[in-house]
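Geometric and topological summary
So you can see what is in the structure, the chains are spelled out below.
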Amino acid sequence: MLLHKAYHRFSLLPSHFSPPFLSLNIPSAVHVPGTLGIPLRKSPRPMKSFTTSTYSSRLLRLAPVAVAAEDGGGDRNGSVPSQSADEENSSLGAGYRLPPPEIKDIVDAPPLPALSFSPQRDKILFLKRRALPPLTELARPEEKLAGIRIDGKCNTRSRMSFYTGIAIHPLMDDGTLGPEKEVHGFPDGAKINFVSWSRDGRHLSFSIRFDEEDGSSKLKVWVADVETGKARPLFQSPDIYLNAVFDNFVWVDNSTLLVCTIPLSRGAPPKKPLVPSGPKIQSNEQKNIVQIRTYQDLLKDEYDEDLFDYYATTQLILASLDGTMKAIGPPAVYTSIDPSPDDKYLLISSIHRPYSFIVPCGRFPKKVDVWTADGKFVRELCDLPLAEDIPIAFNSVRRGMRSINWRADKPSTLYWVETQDGGDAKVEVSPRDIVYTQPAELQDGDQPEVLHKLDLRYGGISWCDDSLALFYESWYKTRRTRTWVISPGLKDASPRILFDRSSEDVYSDPGSPMLRRTPAGTYVIAKIKKEDEGTYILLNGSGATPEGNIPFLDLFDINTGSKERIWESNKEKYYEAVVALMSDQQDGDLSIDRLKILTSKESKTENTQYYLQSWPDRKVSQITNFPHPYPQLASLQKEMIRYQRKDGVQLTATLYLPPGYDPSNDGPLPCLVWSYPGEFKSKDAAGQVRGSPNEFAGIGPTSALLWLARRFAILSGPTIPIIGEGDEEANDRYVEQLVGSAEAAVEEVIRRGVAHPNKIAVGGHSYGAFMTANLLAHAPHLFCCGIARSGAYNRTLTPFGFQNEDRTLWEATNTYVEMSPFMSANKVKKPILLMHGEEDNNPGTLTMQSDRFFNALKGHGALCRLVVLPFESHGYAARESIMHVLWETDRWLQKYCVNNPDVLTDIDASKADECKTVNDSENKAMSSSGGGGSSPEGLEQEEFLPAPRSSL
């Protein structure tokens, strides 16, 4: 579900999108709407940079430990060699095609750098990136083991993107950037990952890799002096390589790193037996209830177990900048390494056998220990058993200790959570979760101390000091979320509820607390000093309103609940947001007169730039000046529109129109509707406005907005709320509400005169593809054709839940069947284009889903086409694949939307002849390229790179 939604959210962001993601060395947070922000994991050391391309995959890991960027062809400065269309078509291979130049040029534009601020906020890194990667990079062999994919040549997660260079800019006193200093000393062509600052900001650590003659490209750890930019290897031995399958390395202090390495004693990978030792057997003779969602890439046999151990086993090494090193602990499958804030201890997590063939490695037996900083064992915190039986109901969790972390406000104090309901959300019990704390090293008789008891499910903690911490809890079924104020060090202080609200009610979201950096490198709630004696914090909110988001910064009195708005976005033309607290390197409370924040600013046509704003004079300094990423669409038209569904639910959408378009003179346009349904518990919440009309239109490499360049109207993200109020389940009326929402959207664009009623196409990715297929089956009167990418169409193939449905097929048989467009394949009468990555690893969206749906459609004579992309996963990455997806989409839209046969009678004869010529030439091109069939059989992959598997 997370991967579904993350991809949908960022499918509108390009690889070259400005702004790039900022690394501000603040802990990542999950912000459940209506909470103050929930850190996923306390990080006592500067966090690594984090960019768009890694967002989806890292959500599954719940820790942004890797730096990665969009990559692909080009030189180290990010430029892309120019080629003619004929040259590129030739280089793309027999079956790969290029979209029209007006689309291709946007996708091929050089990407802007990612940014990372130093811990002292006095320097900025510009992390240089390349454009889309070539298909050859995706074609590298990968091992699919325990729910993850591993590149054995690198000993990392497969398909890991990279930076091509690092530039350091000083941040001057006036807020401007100083001259660029290039980090140098590593080999040309090196691929850079995992960039992180030392706590004092004097050094950078990162990994580099490059393809060697033997085909390997293992990672080595390098360090660079920030003042000179000179880089060198961390290890003097050339035989020490990074193992980045799970964690990678972390600064223990300003001169020492703890590194996950490949054991020197490791030999060749285990060889797969030619003859199996026996049958593959699974048993449930104990009659346990084990309900599992449709996970992929699981272990299959003993050989897979051995191979997983081979690649995942790590030797931890303490390495100093002076060249000394020390191996600590035995080799094991370490999944996280986390130093205490005072650098005296290490929190070490690992997984071990027995492994499972039905769940991914996140549910394997897990051991958590405390070591001293030099590697001596202190004590075992827990050794959790294999967790195959976690119920599928939302808010169900693993039994035993979980969310084990260091307190950010203490030198070396641990905290964790334990469930009281056996991990089963369907069990009614009070309390449901208990939060405990304990020192790292125990004294005689020390017992865990109860910090707080929660009746909902634990959602995280924001620490401040002994007088203040914020605890979060929530419950998905009711959408209830609560924030508690706790005084951890005051035994006689009673917890009290600060906020108690619906997570769906974005209008009442109070915002998230701003965090400051401590001398220990951790992040705690920033207390603000004023003239009076109140306890003030800063709440940074998105500011959702019926007119759109208007971000704000409030000075909030934690005791009285009173607040003063000290900053707010310009709501007339711009969309501004507070990105980070920049005056946070001091200890203790911050004076309101010394406040400094980093803000972003954008408009409908101006891409995001970053600014420093200082108190008390509110001086504003612009620190970036990124060029427009696609100037050919700089004057596109954008409007947030509102309309109503027949049942009274208020709906919203963003309407984009091409530059220079005038509906009174130009008439209605062909229109592409691109969306993704969402579930709600109330009509009021479903009707609330999300987003801002002033946000910059980010256009990603597979974004629907690319068709603005082809003179389409784009209705982006029309809300498709699936509502289940009270005891009603939303999906029980899925089709009815889906069609009702689509009807309202189509009626609105027709009423506005911007869309031709017979030239409206619908499309979506993942759950949006599921939506598309259902709309063509149940609302054929609305759309002329559809584009469905990487969807799941038969819910009986995901019998233990999908998306936000946590009932099983046997509990809600009618719902599963009625929601499945596969079951209504005989009703699909409009042209549908199906596309899918051949190596899709997303739970539920197996490539088989598109194969079987296509066969069902073809069996009923539907006009359909299936394109399967070799080597691609749930989201598409290779330039060849993306360009071909765009070509397929454009061809489909031109043929069945722009030149819709149903409305050719409305076009004059010359136009009709022109359309016929276009279609004839396309058909000839398809025939000559072999685009209508599969790849030749019997050829080795190394000799022949197959084209996308197409069927028409």
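Residues numbered from 1 in each chain as written. Predicted model: local features only at pLDDT ≥ 70, side-chain atom pairs only at ≥ 80, totals over all residues. Heavy atoms only, no water.

1. Looking at the overall build of the chain
- What the chain contains, in helices and strands, is 14 helices and 52 strands.
- Across the chain, contacts joining residues at least 24 apart in sequence account for 64% of those joining residues at least 6 apart.
- Accessible surface, the chain: about 36700 Å² in total, of which carbon and sulfur atoms supply 50%. (Helix = DSSP H or I, 4+ residues; strand = E, 2+ residues; numbered from the N terminus. Contact = heavy atoms within 4.5 Å. Areas by Shrake-Rupley, 256 points an atom, 1.4 Å probe, with all protein chains shown as cover.)

2. Observations concerning unusual backbone geometry
- Geometrically, the link from Arg353 to Pro354 is a cis peptide bond, its omega value of 5° lying close to zero.
- For Pro354, the location among the structural elements is in the loop between strand S19 (345–351) and strand S20 (366–372).
- Geometrically, the link from Trp615 to Pro616 is a cis peptide bond, its omega value of 5° lying close to zero.
- Not every positive phi belongs to a glycine, and Arg618 is a case in point at roughly 60°.
- Following the sequence through the fold, Arg618 ends up in the loop between strand S40 (609–614) and strand S41 (619–622).

3. A word on the pairing of strand S18 (residues 325–339)
- Two strands pair when backbone bridges link them, and strand S17 (residues 314–320) and S18 are joined in this way by five bridges, in the antiparallel orientation. In the strand pairing of S18, Leu316 is matched with Ile328.
- With six bridges connecting them, S18 and S19 associate as antiparallel partners. Residue pairing in the sheet places Ser336 in a bridge with Ser349 of S19.
- Linking S18 back to S19 in an antiparallel pair, the connection comprises five residues, with Asp343 at a positive phi of about 70°. (Pairing = 2+ DSSP bridges.)

4. Brief notes about the packing of helix H9 (residues 734–751) against helix H10 (residues 767–778)
- Remark: H9 packs on H10, axes separated minimally by 10 Å, with the N-to-C direction vectors making an angle of 85°. With respect to each other, H9 and H10 are oriented roughly perpendicular. On H10, the residues that touch Tyr734, Val735, Leu738, Val739 and Ala742 of H9 are Tyr767, Phe770, Met771, Asn774, Leu775 and His778.
- Residues of the contact of H9 with H10, tallied by class, amount to nine nonpolar, two polar and no charged. (Axes fitted to C-alpha atoms, helices over the stretch in contact; angles between N-to-C directions. Parallel < 35°, antiparallel > 145°, perpendicular 65-115°, else oblique. Nonpolar A, V, L, I, M, F, W, Y, C, P; charged D, E, K, R; others polar.)

5. Here we look at the sheet that holds strand S39 (residues 596–602)
- Spatially, S37-S39-S40-S41 is the arrangement adopted by the four strands of the open sheet, whose pairing is antiparallel. Whereas interior strands pair on both sides, the edge strands pair on one side only; in this sheet they are strand S37 (575–581) and S41. Here the average twist between neighbouring strands, direction ignored, is 30°.
- Summarising the sheet, S37 and S39 pair through six bridges and their orientation is antiparallel. By the bridge assignment, Ala580 is partnered in S39 with Leu598.

6. Topic: the pattern of salt bridges
- Following the criterion strictly, the structure yields 57 salt bridges and no others.
- Two residues, Asp297 and Arg149, come together in a salt bridge whose shortest N-O distance is 2.6 Å. You can see Asp297 sitting in the loop between strand S16 (256–261) and helix H6 (302–312) and its partner Arg149 sitting in strand S7 (residues 148–151), a full 148 residues away along the chain.
- We classify Asp297 as buried; its relative accessible area is 13%.
- Arg149 gets classed as buried once you look at its relative accessible area, which sits at 8%.
- Put simply, Arg402, Asp421, Glu428, Arg432, Asp433 and Arg457 are held in one network by salt bridges that share partners. (Salt bridge = Lys/Arg side-chain N within 4 Å of Asp/Glu carboxyl O. Buried < 20%, exposed > 50% of the residue type's maximum accessible area, 1.4 Å probe, protein only.)

7. So, the state of the cysteines
- Taken as a whole, this structure holds zero disulfides when the rule is applied.
- With no disulfide partner, Cys784 has as its closest neighbouring cysteine sulfur the one in Cys897, 3.7 Å distant. (Disulfide = S-S within 2.5 Å.)

8. Some details on H10
- Between its first and last C-alpha, H10 extends 16 Å over twelve residues, near the 16 Å set by a 1.5 Å rise per residue.
- Within H10, eleven of the twelve residues are buried, which leaves the element mostly enclosed by the surrounding structure.
- Residues of H10 that are buried include every one of Tyr767, Gly768, Ala769, Phe770, Met771, Thr772, Ala773, Asn774, Leu775, Leu776 and Ala777, and no others. (Expected span 1.5 Å × (residues − 1).)

9. Observations concerning the packing of aromatic side chains
- If you walk through the whole model with that rule in mind, you get 22 aromatic pairs.
- On the numbers, 4.9 Å between centres and 50° between planes, the contact of Phe394 with Tyr476 is tilted. One end of the pair, Phe394, is in the loop between strand S21 (377–384) and strand S22 (401–406); the other, Tyr476, is in the loop between strand S27 (468–475) and strand S28 (480–486), and 82 residues separate them in sequence.
- Centroid distance Tyr767 to Phe770: 5.2 Å. Interplanar angle 15°. Geometry classified as stacked. You can see Tyr767 and its partner Phe770 sitting in helix H10, three residues apart, about one turn around the helix. Like Tyr767, the residue Phe770 is buried in the burial classification. (Phe/Tyr/Trp six-rings, centres within 6.5 Å; stacked < 30°, edge-to-face > 60°.)

10. Quick notes on the environment of Val578
- Relative to the helices and strands, Val578 resides in strand S37.
- Val578 sits eleven residues away from Trp567 along the chain, and the two C-alpha atoms are 8.9 Å apart.

11. Overview of the environment of Asp890
- Position of Asp890 relative to the elements: it lies in helix H13 (residues 879–898).
- Classification of Asp890 by relative accessible area gives buried; the value is 5%.
- A sequence separation of 787 residues divides Asp890 from Ile103, and the C-alpha atoms of the two residues are 9.4 Å apart.
- If we skip the residues at most four places from it in the chain, Asp890 touches Pro100, Ile103, Trp707 and Arg710.
- Here the side chain of Asp890 touches Trp707 through a polar contact of 3.0 Å, side chain to side chain. (Polar contact = N/O pair within 3.5 Å; in protein donor to acceptor, adjacent residues only side chain to side chain.)

12. Here we look at the confidence of the model for the chain
- Averaged over every residue, the pLDDT of the chain is 86; residues scoring 70 or more account for 84%.
- In the predicted structure, residues 1–21 sits below a pLDDT of 50 and forms 87 contacts with residues beyond four places in sequence or in another chain.
- Here residues 25–83 is modelled with pLDDT under 50, and outside its nearest four sequence neighbours on either side it reaches 223 contacts, counting other chains as well. (pLDDT = per-residue confidence, 0-100.)

13. Looking at the nonpolar core
- If you look at the biggest cluster of nonpolar residues, it comprises 64 residues, and the most contacted ones within it are Tyr734, Leu775, Phe783, Ile832, Leu834 and Leu857.
- If one sorts the elements of this core by residue count, H9 sits on top with nine residues.
- Tyr630, Trp674, Cys784 and Val885 belong to the second-largest nonpolar core, a separate cluster that totals 39 residues. (Core = buried A, V, L, I, M, F, W, Y, C linked by side-chain atoms within 4.5 Å.)

14. Focus on the sheet that holds strand S15 (residues 249–253)
- Ordered by their spatial adjacency, seven strands build an open sheet running S15-S16-S17-S18-S19-S20-S21, and the pairing between neighbours is antiparallel. Lying at the two open borders of the sheet, with one neighbouring strand each, are S15 and S21. On average, each strand axis in the sheet is inclined to that of its neighbour by 35°, with strand direction left out of account.
- Strands S17, S18 and S19 of the sheet are contacted by H6, whose axis makes an angle of about 115° with S18.

15. Regarding the pairing of strand S48 (residues 755–765)
- Extensive coverage of S48 is indicated by the burial of nine of its eleven residues.
- Relative to S48, strand S44 (residues 669–674) is paired through five bridges, and the arrangement is parallel. Across the sheet, Trp674 pairs through a bridge with Gly763, a residue of S48.
- Bridge count between S48 and strand S49 (residues 785–789): five bridges; the pairing is parallel. Counterpart to Val762 in the pairing with S49 is Gly786.
- Traced from S48 through H10 to S49, the parallel crossover comes out right-handed. (Right-handed = clockwise from strand over helix to strand, strands pointing away.)

16. Quick word on the side chain of Ser703
- Its place among the elements puts Ser703 in the loop between helix H8 (683–686) and strand S46 (713–716).
- Taking the relative accessible area as the measure of exposure, Ser703 reaches 1% and is therefore buried.
- In terms of polar contacts, Ser703 uses its side chain to reach the backbone amide nitrogen of Leu705, at 3.0 Å.

17. Structural notes on a negative patch on the surface
- Taken together, the side chains of Glu531, Asp532, Glu533 and Asp593 present a region of like negative charge at the surface.
- One can find Asp593 in the loop between strand S38 (590–591) and S39.
- Given the relative accessible area of 45%, Asp593 is considered partly exposed. (Patch = residues over 30% accessible without salt bridge, like charges linked within 9 Å, V, L, I, M, F, W, Y side chains within 5 Å. Lys, Arg positive; Asp, Glu negative; His and termini not counted. Charge placed at Lys NZ, Arg CZ, Asp CG, Glu CD.)

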